[in-house]
Amino acid sequence: MLLETHKRSDSHKALLNRAAKLLPGGTLGMFGLPAELAIVPAYGRGAKLYDVDGNEYVDYLLGSGPLILGHAHPAVVEAVQQQAAKASTFYYVNEPALELAELITSAVPCAEKIRFCSSGNEATFFALRLARAHTGREKVLKFEGAFHGVHDYAALSVWPTADYSSPDPKVESAGIPKGASDTVMMAPFNDVETTAAIIEANHGDLSAVIVEPFQRSYPPRPGFLPFLRDITTKYGIDLIFDEVVTGFRFAWGGAQERYGVVPDLACFGKIIGGGYPLAAVAGRDEIMSQCDNSRKGSPGYVYMTGTLSGNPVAAAAGVATLKELRGKNLYARIHQSTARMKSGLQSMFADAGVVAQVTGEGGVLQVVFTDREIVNYQDIRSGDVSKALTFYGTASLNGLFLGVPDKIYISAVHTDEDIEIGLRAFRAGVEALVG
Ligand code: PMP
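How each quantity is defined
- Residues numbered from 1 in each chain as written.
- Predicted model: local features only at pLDDT ≥ 70, side-chain atom pairs only at ≥ 80, totals over all residues.
- Heavy atoms only, no water.
- Helix = DSSP H or I, 4+ residues; strand = E, 2+ residues; numbered from the N terminus.
- Buried < 20%, exposed > 50% of the residue type's maximum accessible area, 1.4 Å probe, protein only.
- Lys, Arg positive; Asp, Glu negative; His and termini not counted.
- Salt bridge = Lys/Arg side-chain N within 4 Å of Asp/Glu carboxyl O.
- Polar contact = N/O pair within 3.5 Å; in protein donor to acceptor, adjacent residues only side chain to side chain.
- Pairing = 2+ DSSP bridges.

Section: the side chain of Arg8
Positionally, Arg8 belongs in the segment before α1 (10-22). Here Arg8 is buried and forms no salt bridge, its nearest opposite-charge partner Asp53 lying at an N-O distance of 6.6 Å. At 3.1 Å, the side chain of Arg8 and the backbone oxygen of Ala35 are in polar contact. A polar side-chain atom of Arg8 sits 2.5 Å from the main-chain carbonyl oxygen of Ala38.

As structure tokens, this is what we get:
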């Protein structure tokens, strides 16, 4: 049954048809919604999103993470308007970028120096290059199921379809040269024994271990991140935290503050650009200074640049976002709303006798239909995908904007009423499952 929200006008349908004609798969590449859920969003206010027909949704995707203050937050809009009226780009040092650099380096334990870029994809790509240059070694270790973007050293073993069998990664995109994929190894997240064995056997070749400290939607087991810190230190391997999602979300100092482990380098994106294209690599001075342009031409110089790196409009949006987060100490609110949604979902499944795990914290939740505790990618893979499609799809039809099925993002501006609307829509999803 289609609810009012998904009865699309002829002009709305025409937009969807244009997308199908112009764009591969009718999408911008991130994800596609099933035909009955496809909409074209037009504007947002706080946690509410409106499609081109003016239908209202509670947004539990939030741009896939950047919109921790919701859509069109007045402080962010004001900062962007002011900067856009002054200048859109300089291709040079500017005040908003400096202010953002100061905020990040003062908040994040590992961040002695910072270099901006435009996407998380670029940030992880550059971080790996910095680590290779720093250690003089070529290989990197990533974790099965971790997402670090889609460049040639990242689009590997993100969604393997078999059980873990070896450190050789699964190549998940055509067009990746063997020369790149041969330099990447993988290990199962949260598995100290297997990871230690791979590192012990390969430390002479390993430049970096790159990890999402909270991988996708599930936390590190106690001791896992300290183990990574100890073993990488022992062998002179750089430890890279991909904090593109967790940065400024889990705590002011990100996952490294939340879990008390300080990496050598960290990658940021999403929240630090306040919904505009901006990302960064930050870390130890000794490693970051390899990209100092005065070293150009000397051995060890790392080439790292971009036309819009440190763009002043995006930086102004980032500064406004971070100041709002810190000034109003919104973390308590985010954790509280997330806990409310999580426990509401858990009791809903328990009452209905539906076997499901609700994993996550800090504004990132995911529902997986499995009886396995979620500690790594294979636990996620054990989930029943068709149940997830029914559950998330029904919730969407009941007024939520969601990745189907994906993470549920909760922001500082979801009100108690938004959480109630969310739980009601998810309850419809559970009802669809129990029929
Ligand atoms: N790392 C992580 C952990 C991410 O979640 C993402 C994006 N979802 C990226 C890197 C890539 O960031 P971007 O999409 O900005 O290139």
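Description of the sheet that holds strand β14 (residues 408-409)
Ordered in space as β11-β12-β14, the three strands form an open sheet in which the pairing is antiparallel. Where the open sheet ends on each side, the last strands, each with one partner, are β11 (357-361) and β14.

What to know about the pattern of salt bridges
As enumerated under the stated definition, the model contains 16 salt bridges in all. The partner of Lys48 in a salt bridge is Asp418, with the nearest N and O atoms 2.7 Å apart. Pair noted here: Lys48 is in strand β2 (residues 48-51) and Asp418 is in helix α14 (residues 416-434), with a separation of 370 residues, a long-range link. Judged on exposure class, the residue Lys48 and its partner Asp418 are both buried. A salt bridge links Asp379 to Arg372; the nearest nitrogen and oxygen atoms lie 2.9 Å apart. With relative accessibility at 7%, the residue Asp379 sits in the buried group. Residues participating in the shared-partner salt-bridge network are Arg229, Asp264, Arg284 and Glu286.

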